[in-house]
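Fold and contact review
For reference, the chains in residue letters:
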Amino acid sequence: MSLNSNIWIAYGCIVAVLLAGTGVTGYLSRAFPRRDYSDLCLRVRTWWLIVPPLIVALSLGSAALATLFSLVSVLALREFIVLACDRPLPGLVAAAAYCAIPIQYLLAYGGNDHGHAAAFPLWCLVIVGVLVASANSIGFLRTAGVLCFGLLLTVFSLSYIARLGTLAEGTGLVIFLLMITQLNDVAQYVWGKLLGRTALAPTLSPNKTREGMLGGIITSALLGAALGPLLAHFDPLSGALSGILLASSGVAGDLTVSAIKRDSGVKDAGKLLPGHGGLLDRVDSLIYAAPLFFYGTRAWGGTL
């Protein structure tokens, strides 16, 4: 079976999972009316808003994928600035931060690895220069640090998804990345509910457990071994190792965003995605996973 056929099968499986989720949540709401399943139903409905644009972008090619995730970076950076900045940004400083997004994604789409890697530190220097030129010394160090960190998380890291899309088998690689990271979140939640006893990071995310994390990693390794040969021509071992890498880095991204929210005194990064919180809450598992997966696949060789 061709890789292209496998990708369409993957699309069908994703839609089938959503249909099953819709049916299950509807049944639970009717069968157990005394229990509140409104949040779960809301999460499933929101996934119906997320998945179709993603499938369309993947089907149209790497340019559409880069455009979609550049918009994701715009919204995620906005949420980060609202969370982390304790005062309004000067107009020129905000403009400098947002201008980094098209540059970073154009370099990613063009396959310019050297330019893509160098653009982030150079643009951070531009932002610092604009801050100096604005003659605003109040909170200078905090503002510069917060903006550069925000660009690292929401622009530089996420742009590696667009870079993956330009590679040979890029569509399959992106689907593999997204499926493993998102299913890992679900697996950690389920295993944590079933077996969770020991808190993973009590001060950052009290609901996360070590047992849930371990269950998610094992589940992701098995999924990686199964999906890798179908979507990216990985052998089962490389797929399993990729699953472990994505699951572990997903936890790191989740805890990083949790630390940001905890420091800002909020539960969710925003309200853009009902049931999920903000966009930053949804892409947190990709922050470390996307660049690590990109360089990991290159290090392991294969068809890249």
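Since the structure is predicted, the reported quantities are computational estimates derived from the model, not experimental observations.

Basis of the calculations
- Residues numbered from 1 in each chain as written.
- Predicted model: local features only at pLDDT ≥ 70, side-chain atom pairs only at ≥ 80, totals over all residues.
- Heavy atoms only, no water.
- pLDDT = per-residue confidence, 0-100.
- Helix = DSSP H or I, 4+ residues; strand = E, 2+ residues; numbered from the N terminus.
- Salt bridge = Lys/Arg side-chain N within 4 Å of Asp/Glu carboxyl O.
- Phe/Tyr/Trp six-rings, centres within 6.5 Å; stacked < 30°, edge-to-face > 60°.
- Buried < 20%, exposed > 50% of the residue type's maximum accessible area, 1.4 Å probe, protein only.
- Axes fitted to C-alpha atoms, helices over the stretch in contact; angles between N-to-C directions.
- Parallel < 35°, antiparallel > 145°, perpendicular 65-115°, else oblique.
- Left-handed = near helix turned anticlockwise from the far one by under 90°.
- Contact = heavy atoms within 4.5 Å.
- Nonpolar A, V, L, I, M, F, W, Y, C, P; charged D, E, K, R; others polar.
- Disulfide = S-S within 2.5 Å.

Averaged over the protein chain, the pLDDT score is 88; the fraction of residues at 70 or greater is 96%. Mean pLDDT values for the elements of the protein chain range from 84 in strand β2 (residues 205-209) up to 95 in helix α7 (residues 159-165).

Summed over the entire model, instances satisfying the criterion amount to 6 salt bridges. A salt bridge links arginine 282 to aspartate 185, with the nearest nitrogen and oxygen atoms 3.0 Å apart. Placement of the pair is arginine 282 in helix α11 (residues 279-283) and aspartate 185 in helix α8 (residues 170-195), with a sequence separation of 97 residues. A cluster of three or more residues bridged by salt bridges with shared partners is formed by Asp113, Arg163 and Arg298.

Here we take up the packing of aromatic side chains. Under the criterion given, the structure shown has 10 aromatic pairs. When the ring of tryptophan 8 is compared with that of tyrosine 11, the centres are 5.1 Å apart and the planes differ by 90 degrees; the resulting orientation is edge-to-face. Here tyrosine 11 and tryptophan 8 lie together in helix α1 (residues 3-31), a separation of 3 residues that amounts to about one turn. Measuring from ring centre to ring centre gives 5.7 Å for phenylalanine 176 and phenylalanine 234, while their planes differ by 90 degrees; the resulting arrangement is edge-to-face. Placement of the pair is phenylalanine 176 in helix α8 and phenylalanine 234 in the loop between α9 (210-231) and α10 (236-264), with a sequence separation of 58 residues. Residue phenylalanine 176 is classed as buried on the basis of its relative accessible area, which comes to 0%. Members of the aromatic cluster, each reached through a chain of ring pairs, are Phe120, Phe156, Tyr160, Phe294 and Tyr295.

Although it is not a glycine, glutamate 169 sits at a positive phi angle of roughly 60 degrees. You can call glutamate 169 buried: its relative accessible area is 18%. A positive phi angle, close to 60 degrees, is found at histidine 233, a residue other than glycine. Inspection of the secondary structure assignment puts histidine 233 in the loop between α9 and α10. The exposure class assigned to histidine 233 is partly exposed, which follows from its relative accessible area of 48%.

Contact geometry for helix α5 (residues 113-133) and helix α6 (residues 140-156): axes closest at 10 Å, N-to-C directions at 155 degrees. Taken together, the axis directions place α5 and α6 in an arrangement best described as roughly antiparallel. Handedness of the crossing formed by α5 with α6: right-handed. Contacts between α5 and α6 pair His116, Ala117, Phe120, Trp123, Cys124, Ile127, Val128, Leu131 and Val132 from the former with Phe140, Thr143, Ala144, Leu147, Cys148, Leu151, Leu152 and Phe156 from the latter. When the residues that make up the contact of α5 with α6 are grouped by side-chain class, the tally is 15 nonpolar, 2 polar and no charged.

Okay, the state of the cysteines next. Evaluation of the coordinates by the stated rule reveals 0 disulfides. Counting only cysteine sulfurs, cysteine 148 is the nearest neighbor of cysteine 124, a cysteine outside any disulfide, at a range of 3.3 Å.

Before going further, it helps to spend a moment on the packing of helix α4 (residues 91-109) against α5. It is the contact of α4 with α5, at a shortest axis distance of 10 Å, that shows an interaxial angle of 170 degrees. Compared by their axis directions, α4 and α5 come out roughly antiparallel. Contacts from Leu92, Val93, Ala96, Ala97, Cys99, Ala100, Ile103, Gln104, Leu107 and Ala108 of α4 reach α5 at Gly115, His116, Ala119, Phe120, Trp123, Ile127, Val130 and Leu131. Among the residues making up the contact of α4 with α5, the classes are represented as 15 nonpolar, 3 polar and no charged.

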